[in-house]
Amino acid sequence: QVQLVESGGGLVQPGGSLRLSCAASGSIFSINAMGWFRQTPGKERELVTIITNRSTTTYADAVKSRFTISRDNAKNTVYLQMNSLKPEDTAVYYCNAQVTTARLPVTVNAWGKGTLVTVSS
């Protein structure tokens with residue numbers, strides 16, 4: 001129906017930068033919002049940032065001024081620019097999208113499989 005594929009994770013030193021990408025595909029009529037969550041073992045999944053189709057954004061307090069979310073509507077892709085990375089940013093980052101499907105249509109909430117970000121110290 002709708003698939004999300006993340007890329008761009010990896011190993012980076014504290015203070016470094018990474019850029020994550022998430023591409024949506026499938027039976028898509030429109031995307032209402034896309035965003036990023038993250039999770040570490042033993043912790044609950046937490047919101048990192050979300051951007052809507054009106055370009056309004058929200059950020060978790062822990063990443064404000066360091067992370068920036070953006071989207072390319074023509075490519076159904078969202079990006080997460082992560083600067084000044086800290087060891088506590090280490091987590092699996094999951095892409096999320098609220099999508100109106102083309103066939104029925106209905107609104108669905110889709111998740112990617114995640115990409116690992118490791119900030120060494």
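Our structure's up above, just so we're on the same page.
Since the model is a prediction, treat every value here as computed from it, not as a measurement.

Draft legend 1. Just the side chain of threonine 49, in detail. Structurally, the position occupied by threonine 49 is in strand β5 (residues 46-52). Assessed through its relative accessible area of 0%, threonine 49 is described here as buried. Threonine 49 has contacts with Gly35, Trp36, Thr58, Tyr59, Ile69 and Leu80, leaving out every residue within four places of it along the chain.

Draft legend 2. Local environment of the pattern of salt bridges. Tallying each qualifying case throughout the model produces four salt bridges. For arginine 38, the salt bridge goes to aspartate 89, with nearest N and O atoms at 3.0 Å. Here the residue arginine 38 occupies a position in strand β4 (residues 28-39), and aspartate 89 occupies one in the loop between β8 (77-82) and β9 (91-101), the gap between them amounting to 51 residues. Taking the relative accessible area as the measure of exposure, arginine 38 reaches 6% and is therefore buried. Aspartate 89 gets classed as buried once you look at its relative accessible area, which sits at 1%. Note that aspartate 61 and lysine 64 form a salt bridge whose closest N and O atoms lie 3.1 Å from each other.

Draft legend 3. Examining the state of the cysteines more closely. If you walk through the whole model with that rule in mind, you get one disulfide. Sulfur-sulfur distance for the disulfide between cysteine 22 and cysteine 95 comes to 2.0 Å. Since a negative S-S torsion denotes a left-handed disulfide, the cysteine 22-cysteine 95 link at about -90° is left-handed. A residue pair is termed long-range when its members are at least 10 positions apart, and cysteine 22 in strand β3 (residues 18-26) and cysteine 95 in strand β9 qualify at 73 residues.

Draft legend 4. Spatial organisation of the packing of aromatic side chains. What the rule picks out here adds up to one aromatic pair. The ring of tyrosine 79 has arginine 19 lying over it, and the distance from NZ or CZ to the ring centre is 4.1 Å. Over the aromatic face of tyrosine 94 sits the side chain of arginine 45, whose NZ or CZ is 3.8 Å from the ring centroid.

Draft legend 5. Spotlight on the environment of tryptophan 36. Structurally, the position occupied by tryptophan 36 is in strand β4. A relative accessible area of 0% places tryptophan 36 in the buried class. In this structure the C-alpha to C-alpha distance between tryptophan 36 and alanine 62, which are 26 residues apart in sequence, comes to 13 Å.

Draft legend 6. Summary view of unusual backbone geometry. Note the cis peptide between leucine 104 and proline 105, where omega equals -10°. For serine 65, which is not a glycine, the phi torsion comes out positive at approximately 75°. When you line up the elements, serine 65 lands in the loop between β6 (57-59) and β7 (67-72). A relative accessible area of 81% places serine 65 in the exposed class. The phi dihedral of asparagine 76 falls on the positive side, at around 50°, and the residue is not glycine. Locating asparagine 76 in the fold gives a position in the loop between β7 and β8. On the basis of relative accessible area, asparagine 76 is assigned to the partly exposed category, the value being 24%.

Cut-offs and rules
- Starting afresh in each chain, residues are numbered from 1 along the sequence in its written order.
- A pLDDT threshold of at least 70 governs which residues receive local features in this predicted model, and a stricter bar of 80 or more applies before side-chain atom pairs are shown or counted, although totals over entire chains, interfaces and linings include all residues.
- Side-chain numbers here rest on the full set of heavy atoms in the structure, without hydrogens or water.
- Numbering of helices and strands runs from the N terminus; a helix is a DSSP stretch of H or I covering at least four residues, while a strand is a stretch of E covering at least two.
- For each residue, the accessible area found with a 1.4 Å probe, counting protein chains only, is set against the maximum for its type, and the residue is called buried under 20%, exposed over 50%, and partly exposed in between.
- Pairs of residues are marked as contacts when any of their non-hydrogen atoms sit within 4.5 Å.
- By definition, a salt bridge exists where a carboxyl oxygen of Asp or Glu is found within 4 Å of a side-chain nitrogen of Lys or Arg.
- Only a pair of cysteine sulfur atoms within 2.5 Å qualifies as a disulfide here.
- In this analysis, rings of Phe, Tyr and Trp, with Trp reduced to its six-membered ring, are considered paired at centre separations within 6.5 Å, and the interplanar angle assigns stacked below 30 degrees, edge-to-face beyond 60, and tilted for intermediate values.
- We call a charge positioned above a ring when the Lys NZ or Arg CZ atom is no farther than 6 Å from the ring centre and deviates by at most 35 degrees from the ring normal.

Function cannot be read off these values alone, since they describe shape.
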